[in-house]
Amino acid sequence: MVVAHLGAISFSSSCILSSVCCPRLRHFTIDKNKPLIVAAMSDDPIREWILSEGKATQIRGISPIGGGCINRATRYDTDAGSFFVKTNRSIGPSMFEGEALGLNAMYETGSIRVPKPYKVGSLPTGGSYIIMEFIEFGASRSNQSALGRKLAEMHKAAKSEKGFGFHVENTIGSTPQINTWTSDWIEFYAEHRLGYQLKLAREQYGDSTIYERGQRLAKNLGPLFKNVVIEPCLLHGDLWSGNITYDKNGEPVILDPACYYGHNEAEFGMSWCAGFGGDFYEAYFQVMPEQPGFEQRRDLYMLYHYLNHYNLFGSGYRSSSLSIIDDYLRMLNV
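In this text the structure is predicted, and so the values were computed from the model without any measurement.

Asks: Which parts of the structure should I look at to understand the packing of aromatic side chains?
Replies: A ring pair, where both rings are aromatic, is described by two values, the distance of the centres and the angle of the planes. Throughout the structure, instances matching the rule amount to 28 aromatic pairs. Their ring planes at 25° and their centres at 5.6 Å tell us that Trp49 and Tyr118 sit as a pair that is stacked. Separated by 69 residues along the polypeptide, Trp49 in helix 1 (residues 45–50) and Tyr118 in strand 4 (residues 117–122) bring together distant segments of the chain. Residue class for Trp49 comes out buried when judged on its relative accessible area of 5%. Between the NZ or CZ atom of Arg193 and the centre of the ring of Tyr260, over which it lies, the distance is 4.1 Å. Of note, Arg202 hangs over the ring of Tyr211, and the distance from its end group to the ring centre comes to 3.9 Å.

Asks: When you look at the pattern of salt bridges in this model, what are you seeing that I'm missing?
Replies: Close approach of charged atoms lets side chains of opposite charge pair. Here the structure, examined in full by the defined rule, presents 15 salt bridges. Glu153 serves as the salt-bridge partner of Arg149, at 4.0 Å between the closest nitrogen and oxygen. Here Glu153 and Arg149 lie together in helix 3 (residues 144–157), a separation of 4 residues that amounts to about one turn. A relative accessible area of 29% places Glu153 in the partly exposed class. Among the salt bridges present, the one from Arg298 reaches Glu295, with a minimum N-O distance of 3.4 Å. Note that Arg298 and Glu295 are positioned in helix 7 (residues 294–313) at a spacing of 3 residues, about one turn of the helix. What makes Arg298 partly exposed here is its relative accessible area of 23%. One connected set of salt bridges, linked through shared partners, spans Arg75, Asp77 and Glu136.

Asks: Whenever I open this one, the packing of helix 3 against helix 6 (residues 278–287) confuses me. Can you help?
Replies: Each pair of packed helices gets described by two things: the angle between the helix axes and the distance between those axes. Two numbers describe how helix 3 lies on helix 6: the axes approach to 7 Å, and their chain directions differ by 30°. One element, helix 3, and the other, helix 6, form an angle in the roughly parallel class. Of the two possible hands of crossing, helix 3 and helix 6 adopt the one that is right-handed. Only Asp279, Phe280, Ala283, Tyr284 and Val287 of helix 6 make contact with helix 3, whose side of the interface consists of Gln144, Ser145, Leu147, Gly148, Arg149, Leu151, Ala152, Glu153, His155 and Lys156. Across the contact of helix 3 with helix 6, the residue classes tally to 7 nonpolar, 4 polar and 4 charged.

Basis of the calculations
- Residues numbered from 1 in each chain as written.
- Predicted model: local features only at pLDDT ≥ 70, side-chain atom pairs only at ≥ 80, totals over all residues.
- Heavy atoms only, no water.
- Phe/Tyr/Trp six-rings, centres within 6.5 Å; stacked < 30°, edge-to-face > 60°.
- Helix = DSSP H or I, 4+ residues; strand = E, 2+ residues; numbered from the N terminus.
- Buried < 20%, exposed > 50% of the residue type's maximum accessible area, 1.4 Å probe, protein only.
- Lys NZ or Arg CZ within 6 Å of the ring centre and 35° of its normal.
- Salt bridge = Lys/Arg side-chain N within 4 Å of Asp/Glu carboxyl O.
- Axes fitted to C-alpha atoms, helices over the stretch in contact; angles between N-to-C directions.
- Parallel < 35°, antiparallel > 145°, perpendicular 65-115°, else oblique.
- Left-handed = near helix turned anticlockwise from the far one by under 90°.
- Contact = heavy atoms within 4.5 Å.
- Nonpolar A, V, L, I, M, F, W, Y, C, P; charged D, E, K, R; others polar.

The structure is reproduced here in structure tokens:
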């Protein structure tokens, strides 16, 4: 959800209401086999970090930015520049650790601009925070060619030797996103993307219809990937219009990731809520060429996000999810 200066700032999920549709951690050394080390406790760890490692000697102003249904967003203005801070009073630092790892991974590609994460920590009264670079945004949101090109450059630059997944579990909106390393993409997508959401739908709503049909689809995805080369590319993972903006120089900036390494086409799963146009795809495919069957797979990648919206927001997204499943069952004759 959100909406103010930093695009969508929260971790919820509806085109209208959230951030699904709803930085150098100072020398941010990441041992990807271990959890991110979080800040030590103090009465005000955010202020403490800004006035020490943040190199500021004075905080000149603190102002709220927009609002989210899960996280609170705040701008800290100091004599060393501005910082962007998100806090959550009820969730521990693991959610922000996942965000910081994703932001840092994207930042290190040197391709598309993202806010650089600086610090993740626990709040003394409970909850957690993340401090990151504050990016001043411009007014233009029309440079679709630059967005497509730079996104493709990120996908091309960052590949994983571990396969498909990510170093930690993270969230898509407020839904857990399972990122267990898997060598086969079809298996990963069937189990950890579609399968997980289908199980949630059955558990939350007792929806055996969508579960059974969806599982039938998940077990028969192979023909949709005939003659396709699939590499584990670094994905933003939640790329809708609220998580895309432009800086003062008109360069695209992407925010609030749900990163993992996956098939590059999965990045377009939120395209129904992102406004990607012809210029975007033309520029993207100049860097990452379109593969056979791309159009046939588009709805498959949207299905994950429709299911997530169904699980987060209820029955309004059920019919779209079920329609996509039924169309593929007919197409694949299973």
